[in-house]
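Chain by chain, the residues run as shown.
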Amino acid sequence: MAYSSLHGRKPMERASKISHTNIIASQEVKDLLAECTIPRPADTETVQGLLARVPMPAGQSIKHVIAVDGSFREALVRDEFPSATVTFFAFGPLIFKLDDLRQLDRETFIAPEDLAKLKKIQRFQLALPTRNISRNGLGLQDSIRLTLHEFLARPVDEGKSLYDTLRWLLFRRWTNIPDARRTLRHCPNESVNGCNREEIVLTSDTPYRSECTDCGGPIYLGDILRLHELVDDEQGASRITSYLLSALETLALVHVIHALWEMKPILLREFLFIKDGPLALFGQVFTLADPLRDLANFLATYRDPSDQSKVLPLLNVVGLEKSGSFVEHAVHIEKSLDKALADAKGEGDFAGIVLPLSNEYIYKYVVPGDPGGTITYGQNTYWGGKMIFKAKDGSTYVATVPTLGGHKSDPKIDDYINLTDVLAAVSELRCSMYDNALIPVALANRLVSLSEVPSSRILESFARGTIRR
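Structure report, in brief. Computed from a predicted structure; not experimentally measured.

## Looking at the overall build of the protein chain
Then, in step 1: For the protein chain, the helix and strand inventory stands at 16 helices and 20 strands.
Then, in step 2: Its C-alpha atoms give the protein chain a radius of gyration of 25 Å, near enough to 23 Å, the size a compact globule of 469 residues would have.
Then, in step 3: The C-alpha extent of the protein chain, read off along each of the three principal axes, is 70 × 65 × 55 Å.
Then, in step 4: Taking all 469 residues of the protein chain together, the buried fraction comes to 48%.
Then, in step 5: Excluding contacts between residues fewer than 6 apart, the proportion of contacts in the protein chain whose partners are at least 24 apart in sequence is 70%.

Structure representation (structure tokens):
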């Protein structure tokens, strides 16, 4: 690692211009590179053999669209050494009626008040200390734990908080499981006071804030996310920001599902939930994926109250990716998808064509991995199955939709929950402003995104003027 210039009087240390020759000459490096392989492109015959046609639903039950998106921006509060930063988060669900969108499509001119119907959003804001900032004399780890606890405990609507939704999800409170529990492997105060208590059991009746019986330190329900384990008082908490945002976006989505479930479960059939990004949780918060799969499966097997022999799948949810390996792969096979779409157009009305992505296909053509491994792709992190969807208007989407019965290593088109309703609605939501974009995702991003300029600079000035020195 090179020396940097602290005071501006001396130059930074420059990197060597010839050190690469030692790497190129190394036989060990040559042998290692010779053993490496790159996923090979999928040929047209393989792709077309796996494609399935998505028919239009007999009757579209979806009437409303809810899209969840969020962003974060780190603001420098003190630029002298050691630097101090705080990270601002903005996220929330945007909601509109499909009929309002259809009406706009028929209008010759669009009035501002008509467009405003598509911009109803519930905003959440959070400021989190992430380096060299203390709350009430606490260390960074405890400052973050306290801040997250207070945010999740804050009432959102009708007295309900995100903590209520988190508890509902973690302990599967949509069913009666009397012994539902979660376990913290270590006391979250271990790095502060050296508490060595292990296997701390939390139940659905545990308060959102309790105390460790050994050290007396606080234990929050939010500790179950284990984000505090990645916080270092010296290095900061930059590693948790993306994981935290993903968890908060998912909680915001589930919060709406929870509210509709308690209001009238059958209403869920009328809503399409769209998450920006895959239906997955990575890093420390991956443990939420398992209860999310259980929730999706429960709602997919809901029995009609008026006729218990009839199943009414309630959940319409999809995750849509804008970038990454799967989006790049979709671009790579675009010609194969276009040919299949042209062939399908002569077979009557349909929503599009879909390529379900199996474990074998993913590890063979998209990302490196062993198709025969004991852990399949997304087994621990995803709560839906991946696919590539080519709508009949030509737009291409990398989507994730929950599968019936939990994780599937080789999903078929019938395994995806309410697939025809979901993809038919998605095909109506095209946004021409960007490539393969959707109106609700573009609107949600515009309403909650934090830009580098001017948002970042304004937030820095705001934080510097507010934090006590």
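## A few points about empty space enclosed by the protein
Then, in step 1: In this structure the tally under the stated criterion is two cavities of 30 Å³ or more.
Then, in step 2: Estimated volume of the largest cavity: approximately 120 Å³.
Then, in step 3: Along the wall of the largest cavity there are 15 residues; nearest its centre are Tyr377, Gly385, Lys386, His407 and Lys408.
Then, in step 4: Of all elements in the fold, only α13 (359-366) and β17 (385-391) reach the threshold of two or more residues within the lining of the largest cavity.
Then, in step 5: In the lining of the largest cavity, the residues fall into five nonpolar, eight polar and two charged.
Then, in step 6: Considered as a void within the structure, the second largest cavity measures approximately 80 Å³ in volume.
Then, in step 7: Surrounding the second largest cavity, 13 residues form its lining, Arg145, Leu148, Gly222, Asp223 and His228 being those nearest its centre.
Then, in step 8: Top element by residues in the lining of the second largest cavity is helix α6 (residues 140-153). It accounts for four residues.

## Describing the environment of Ile417
Then, in step 1: Of note, Ile417 is situated in the loop between β18 (396-401) and α14 (419-427).
Then, in step 2: The class of Ile417 is buried, set by a relative accessible area of 6%.
Then, in step 3: Distance in space between the C-alpha atoms of Ile417 and Pro313 is 7.4 Å, their sequence separation being 104 residues.

## Details of the environment of Val254
Then, in step 1: Here Val254 shows up in helix α9 (residues 241-263).
Then, in step 2: For Val254 and Leu169, which are 85 residues apart along the polypeptide, the C-alpha to C-alpha distance reads 8.0 Å.
Then, in step 3: The residues touching Val254, leaving out its near neighbours within four places in the chain, are Thr165, Trp168, Leu292 and Leu295.

## Considering the packing of aromatic side chains
Then, in step 1: As enumerated under the stated definition, the model contains 16 aromatic pairs in all.
Then, in step 2: Centroid distance Phe72 to Phe89: 5.7 Å. Interplanar angle 40 degrees. Geometry classified as tilted. Remark: Phe89 occurs in strand β3 (residues 84-97) and Phe72 occurs in strand β2 (residues 64-78); sequence separation between them is 17 residues.
Then, in step 3: Exposure remark for Phe72: the relative accessible area of 30% places this residue in the partly exposed category.
Then, in step 4: One aromatic cluster in this structure is built from Trp168, Trp174, Trp261, Phe298 and Tyr302.

## Here we look at unusual backbone geometry
Then, in step 1: For Asn132, which is not glycine, the phi torsion reads 55 degrees and is therefore positive.
Then, in step 2: Considering the arrangement of structural elements, one finds Asn132 in the loop between β5 (124-131) and α6.
Then, in step 3: Phi is positive for Arg226, which is not a glycine, with a value near 65 degrees.
Then, in step 4: Its place among the elements puts Arg226 in the loop between β11 (218-220) and α9.

Cut-offs and rules
- Residues numbered from 1 in each chain as written.
- Predicted model: local features only at pLDDT ≥ 70, side-chain atom pairs only at ≥ 80, totals over all residues.
- Heavy atoms only, no water.
- Helix = DSSP H or I, 4+ residues; strand = E, 2+ residues; numbered from the N terminus.
- Rg over C-alpha atoms; globule rule 2.2 N^0.38 Å.
- Buried < 20%, exposed > 50% of the residue type's maximum accessible area, 1.4 Å probe, protein only.
- Contact = heavy atoms within 4.5 Å.
- 1 Å grid on protein atoms, 1.4 Å probe; cavity = no way out; pocket = protein on both sides within 12 Å on 5 of 7 lines; lining within 4 Å.
- Points joined across faces, edges and corners; volume = space filled by probe spheres on them.
- Nonpolar A, V, L, I, M, F, W, Y, C, P; charged D, E, K, R; others polar.
- Phe/Tyr/Trp six-rings, centres within 6.5 Å; stacked < 30°, edge-to-face > 60°.

Interpretation note: all reported values are geometric properties and have no functional meaning in isolation.
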